[in-house]
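Structural characterization, general
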Amino acid sequence: MSLEKLTLPSPAKLNLMLHILGRREDGYHELQTLFQFLDYGDEITFALRDDAEIRLHTEFDGVPHDSNLIVKAAKKLQEQSGCTQGIDIWIDKILPMGGGIGGGSSNAATTLLGLNHLWQLGWDEDRLAALGLTLGADVPVFVRGHAAFAEGVGEKLTPEYPEEPWYLVLVPQVSVSTAEIFSDPLLTRDTPPIKVRPVPKGNSRNDCLPVVARRYPEVRNALNLLGKFTEAKLTGTGSCVFGGFPSKAEADKVSALLTETLTGFVAKGSNVSMLHRKLQGLL
Ligand SMILES: C[C@](O)(CO)[C@H](O)COP(=O)(O)OP(=O)(O)OC[C@H]1O[C@@H](n2ccc(N)nc2=O)[C@H](O)[C@@H]1O
Ligand SMILES: Nc1ncnc2c1ncn2[C@@H]1O[C@H](COP(=O)(O)OP(=O)(O)OP(=O)(O)O)[C@@H](O)[C@H]1O
């Protein structure tokens, strides 16, 4: 069935652990991380145009139109596929930027999958993930849509099936620059690789945490407060901090106590992203 207009979710991700194994010659870091999605995210609406223009109608604080990952993803896909159609795009943005929950990467992936569908390009996931990697290290996992153990710079993915608890995610009001954390001289870069799958329980450390907590008192404070109730972890290079709970009621209870002074939200962990669940429903 050919569609004119499509609204798709763009979920957040968490890094349930993150080990840094070394630094490559190009400055990028070899890492091992476990990605899981949240049933929480932005919503992007796409509508076909009569001309070839790509236009994002929603303004973003501090992100010029052509630098937005949504626009970059759409332009690259249009160029590389030779498509002559254009697109109008609107986004309902709720994910914090620079929060380590992958909002920009997820928006890029939702754009690639949405336009592949609307423009009827017939690209397979491998091709979309390879294009996605040129936009950011985290784009491929959102294109694949399954919880995964990631290696390399984050692009070598093996599906995993971690538990799917409810999470309380705290959002300290600071934006952490990923590049700044990866260039900190104090960052641990020599964690030995994990060689068994699935990742053994107990491997929940994030090597970026000491550096981020040292630089950002707001993140330190969130870790201390949440740590009174459950294991408090950092996702990606922060700033978001999260903890798992066996039920929504328990996550809500702690949320009510902590969100008096901090911003946060409760969401279910999910091994199949809500973007892929929606797309499966369309096919
Ligand atoms: C650390 C993670 O958040 C884990 O999910 C991601 O791998 C970061 O992914 P991202 O934000 O999409 O990162 P990119 O936009 O690709 O890179 C931002 C900057 O982080 C550094 N960077 C990123 C990924 C990586 N494996 N090694 C790095 O050193 C590089 O300086 C790069 O310029
Ligand atoms: N559509 C977009 N959504 C969010 N940020 C975008 C977008 N396009 C470009 N950006 C830029 O990318 C930066 C990083 O945004 P993003 O939300 O992906 O950070 P993050 O959650 O820390 O990601 P990661 O976990 O992948 O490091 C933003 O500060 C913004 O300047």
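Predicted model, so just to flag it, every value in this text is computed and none were measured.

A separate point is the pairing of strand S5 (residues 148–151). Pairing analysis gives three bridges linking strand S2 (residues 29–48) to S5, with the strands arranged antiparallel. The partner of Leu-34 across the bridge, within S5, is Phe-149. By the bridge criterion, four bridges tie S5 to strand S6 (residues 156–159) in an arrangement that is antiparallel. Paired with Phe-149 across the strands is Thr-158, a residue of S6. The antiparallel pairing of S5 with S6 creates a hairpin that spans four residues between the two strands, and Gly-152 there sits at a positive phi of about 70 degrees.

Our focus in this paragraph is the confidence of the model for the protein. On average, residues of the protein carry a pLDDT of 95, and 99% of them reach 70 or more. Scoring of the predicted complex yields 0.95 for pTM and 0.93 for ipTM.

The residue Ser-204 is located in the loop between helix H5 (178–182) and helix H6 (209–215) in this model. Here the side chain of Ser-204 touches Glu-231 through a polar contact of 2.7 Å, side chain to side chain.

Note that soluble globular proteins tend to have their nonpolar side chains buried in a common cluster. Counting 38 residues, the largest nonpolar core has Phe-46, Leu-77, Ile-87, Leu-112 and Val-143 as the members making the most contacts within it. A total of six residues in this core trace back to one element, the largest contributor, which is helix H2 (residues 103–118). Sequence-distant contacts of Leu-112, defined by excluding residues within four places in its chain, comprise Ala-73, Leu-77, Leu-128, Leu-131, Gly-132, Val-139 and Val-143. Counting 27 residues, the second largest nonpolar core, distinct from the first, contains Val-211, Ala-222, Val-241 and Ala-251.

Once that is clear, we can look at helix H1 (residues 69–81). The terminal C-alpha atoms of H1 lie 18 Å apart, and with 13 residues this matches the ideal 18 Å at 1.5 Å per residue to within 8%. Among the residues of H1, those classed as buried are Ile-70, Val-71, Ala-73, Ala-74, Leu-77 and Gln-78. Taken end-on, H1 shows its buried residues confined to a sector of 165 degrees, consistent with a single buried face. Where H1 ends, the next residue or the one after it, Gly-82, has phi of about 75 degrees, a positive value.

All buried positions along helix H3 (residues 125–133) are accounted for by Leu-128, Ala-129, Leu-131 and Gly-132. When H3 is viewed along its axis, its buried side chains cluster within an angular range of 160 degrees and face the same direction. Contact partners of the buried residues in H3: H1, H2 and helix H4 (139–144).

The next point concerns the UniProt feature "binding site: ATP" (unreviewed entry) in the protein. On the UniProt side, "binding site: ATP" (unreviewed entry) is annotated at positions that read Pro-96, Met-97, Gly-98, Gly-99, Gly-100, Ile-101, Gly-102, Gly-103, Gly-104, Ser-105 and Ser-106 here. Overall, the relative accessible area of 23% leaves Pro-96 in the partly exposed class. For Pro-96, the contacting residues outside a window of four places in its chain are Ile-101, Val-171 and Cys-240. Note on placement: Met-97 falls in the loop between strand S4 (87–92) and H2. Overall, Met-97 belongs to the partly exposed group, its relative accessible area being 42%. With residues near it in sequence (within four places) discarded, Met-97 still touches Phe-60, Asp-61, Val-63 and Ser-175.

Moving on, we get to the site of ligand 2. Near ligand 2, the surroundings consist of 21 residues, among which Asn-68, Leu-69, Gly-100, Gly-104 and Asp-138 are the closest. Contact distances for ligand 2 include 3.1 Å between an oxygen atom and a side-chain N or O atom of Lys-13. For ligand 2, whose free accessible area comes to 610 Å², the fraction covered by protein is 78%. Of all the secondary structure elements, the ones that give two or more residues to the shell around ligand 2 are H1 and H2. Take the shell around ligand 2: its biggest share by element is four residues, from H2. Looking at the shell around ligand 2 residue by residue, the class counts come to seven nonpolar, 11 polar and three charged.

A separate point is the packing of H2 against helix H9 (residues 274–282). Remark: H2 packs on H9, axes separated minimally by 11 Å, with the N-to-C direction vectors making an angle of 5 degrees. Regarding the angle of H2 to H9, the classification is roughly parallel. Contacts between H2 and H9 involve Thr-110, Leu-113 and His-117 on the former and, on the latter, Leu-275, His-276, Leu-279 and Leu-282. Looking at side-chain class alone, the contact of H2 with H9 contains four nonpolar, three polar and no charged residues.

The final tally for this structure, using the stated rule, is three aromatic pairs. Residues Tyr-40 and Phe-265 carry aromatic rings whose centres are separated by 3.7 Å and whose planes lie at 10 degrees to one another, so their mutual orientation is stacked. Placement of Tyr-40 in strand S2 and of Phe-265 in strand S10 (residues 264–270) is noted, with a sequence separation of 225 residues between them. On the basis of relative accessibility, which here comes to 8%, the residue Phe-265 falls in the buried class. Taking the centre distance of 5.6 Å and the plane angle of 80 degrees together, the rings of Tyr-167 and Phe-242 count as edge-to-face. One end of the pair, Tyr-167, is in strand S7 (residues 166–170); the other, Phe-242, is in strand S9 (residues 241–245), and 75 residues separate them in sequence. The class of Tyr-167 is buried, set by a relative accessible area of 4%. Relative accessible area serves as the criterion here: at 0%, Phe-242 is assigned to the buried category.

Cut-off values and rules
Residues numbered from 1 in each chain as written. Chains lettered and ligands numbered in written order. Predicted model: local features only at pLDDT ≥ 70, side-chain atom pairs only at ≥ 80, totals over all residues. Heavy atoms only, no water. Pairing = 2+ DSSP bridges. Helix = DSSP H or I, 4+ residues; strand = E, 2+ residues; numbered from the N terminus. pLDDT = per-residue confidence, 0-100. Polar contact = N/O pair within 3.5 Å; in protein donor to acceptor, adjacent residues only side chain to side chain. Core = buried A, V, L, I, M, F, W, Y, C linked by side-chain atoms within 4.5 Å. Buried < 20%, exposed > 50% of the residue type's maximum accessible area, 1.4 Å probe, protein only. Contact = heavy atoms within 4.5 Å. Expected span 1.5 Å × (residues − 1). Arc of directions from axis to C-beta. UniProt positions renumbered as here; feature names shortened; annotations may be inferred. Near = heavy atom within 4 Å. Areas by Shrake-Rupley, 256 points an atom, 1.4 Å probe, with all protein chains shown as cover. Nonpolar A, V, L, I, M, F, W, Y, C, P; charged D, E, K, R; others polar. Axes fitted to C-alpha atoms, helices over the stretch in contact; angles between N-to-C directions. Parallel < 35°, antiparallel > 145°, perpendicular 65-115°, else oblique. Phe/Tyr/Trp six-rings, centres within 6.5 Å; stacked < 30°, edge-to-face > 60°.

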